[in-house]
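A structural walkthrough
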Amino acid sequence: MKIGIIGTGGVGGYFGGRLAASGNDVIFIARGEHLNAIKTNGLIVKSIKGNIKINPAKISDKLEVLADCELIILATKAYNVKDIALGLKNILNTRTLILPLQNGVMAVDELSEYLDRRQILGGLCVIFSSIESPGVINHMGLEPKITFGEIDNTIKERTLKLRQVFENANIACKLTNDIQADLWKKFIFICLSGFGAISNAGYGLIRELPETRQMLIDSLTEVSKIAKAKNIKLEDNLVEKSMAYVDSFPANSMSSLSRDVLSGKKSEIEYQNGTVVRFGKELGIATPVNSFIYGFVKLIEKKMRLKA
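Reference entry: report on the structure contained in this document. Predicted model, so just to flag it, every value in this text is computed and none were measured.

Once that is clear, we can look at the packing of helix α6 (residues 179-190) against helix α9 (residues 210-229). Where α6 meets α9, the closest approach of the two axes is 8 Å, and the angle between their N-to-C directions is 150°. As summarised for this structure, α6 and α9 are arranged roughly antiparallel, according to the angle between their axes. In terms of crossing hand, the pair formed by α6 and α9 is right-handed. For the pair formed by α6 and α9, the contact residues are Trp-184, Phe-187, Ile-188 and Phe-189 on the first element and Leu-220, Val-223, Ser-224, Ile-226 and Ala-227 on the second. Among the residues forming the contact of α6 with α9, the class breakdown is eight nonpolar, one polar and no charged.

Listed below in structure tokens is the structure:
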């Protein structure tokens, strides 16, 4: 399959690397030093599941090279989705599938502002990975997995084919018939990401202290209430299951949002706790813990910008 990877970071670099290693024709989109390093030395993926190197790797900084791709995996930060959709608007053919893997629950709607909704799948992934250095991706935790499905919750031949492509690349995947529910299951726990940015601590310390553990539970509960108000079909014990999942994280692990905030980069806070706060106001549901996270992460971001 001819596949385009927009965003060759921890997510796109890892999954794109696995797909290329299994024989797919993969074109990566990257920028700056990362782009130059991959052009020169190939893409290196260090992983607890086994290292791979794609050399030479097809890579560019031009979206136009993706014109005849059968699949485009969108693995950028959530705040880039609208600009990328606009850039793809006059490039894609009508057969191209678009699979966004952003954090949050807004990607499909934002892509649909510019692209044919019939070409868009819903998707998400779980992985702890990052760019270790230009040209090098480091996967350091969790079993990488992609969950995807049609946004009308049907199962079509095209998604069955895509599942086979992932399985052939040894990528754990789930083809779901309720992608909205799966997106919200992840959204609930990624809204805990800001705790690491505020505390500069990994999940281990945050979940061990009784007071902050209770704040984690309260945050999950707030998002769960909003999901139910939006008629998202979630299990009644999702808060407990989400906490159990958090308890499985490596103790020193931090979310990409936390790493971005603490390194002075732009974060996805608007697409995580900021979205919860906005939905809460629309629905008349109180979100004190998420409002706290949202406000303080924005404060830290402003402080980091003033230092620069």
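Resuming the write-up.
Turning to the side chain of Thr-147, a few remarks are in order. On the secondary structure map, Thr-147 appears in strand β9 (residues 136-150). Judged by relative accessible area, Thr-147 falls into the buried class, the value being 6%. What Thr-147 contacts, discounting residues up to four positions off in sequence, is Gly-122, Gly-123, Leu-124, Lys-174, Thr-176, Ile-179 and Asp-182.

A separate point is helix α3 (residues 81-88). For α3, the complete set of buried residues consists of Val-81, Ile-84, Ala-85 and Leu-88. Burial along α3 is one-sided: seen end-on, the buried residues are contained in an arc of 100°.

This part covers the pairing of strand β6 (residues 71-74). Side chains Leu-71 and Ile-73 project from β6 onto one buried face, and the interleaved Ile-72 and Leu-74 project onto a second face that is buried too. Pairing analysis gives four bridges linking strand β1 (residues 2-6) to β6, with the strands arranged parallel. Opposite Ile-5, over in β6, you have Ile-73 as the bridge partner. Pairing of β6 with strand β7 (residues 97-100) involves four bridges; the strand directions are parallel. Its bridge partner being in β7, Ile-72 is matched across the sheet by Ile-98. Taking the sense of rotation as the criterion, the β-α-β connection linking β6, α3 and β7 turns out right-handed.

Here is what the cut-offs are and how they apply
- Residues numbered from 1 in each chain as written.
- Predicted model: local features only at pLDDT ≥ 70, side-chain atom pairs only at ≥ 80, totals over all residues.
- Heavy atoms only, no water.
- Axes fitted to C-alpha atoms, helices over the stretch in contact; angles between N-to-C directions.
- Helix = DSSP H or I, 4+ residues; strand = E, 2+ residues; numbered from the N terminus.
- Parallel < 35°, antiparallel > 145°, perpendicular 65-115°, else oblique.
- Left-handed = near helix turned anticlockwise from the far one by under 90°.
- Contact = heavy atoms within 4.5 Å.
- Nonpolar A, V, L, I, M, F, W, Y, C, P; charged D, E, K, R; others polar.
- Buried < 20%, exposed > 50% of the residue type's maximum accessible area, 1.4 Å probe, protein only.
- Arc of directions from axis to C-beta.
- Pairing = 2+ DSSP bridges.
- Right-handed = clockwise from strand over helix to strand, strands pointing away.

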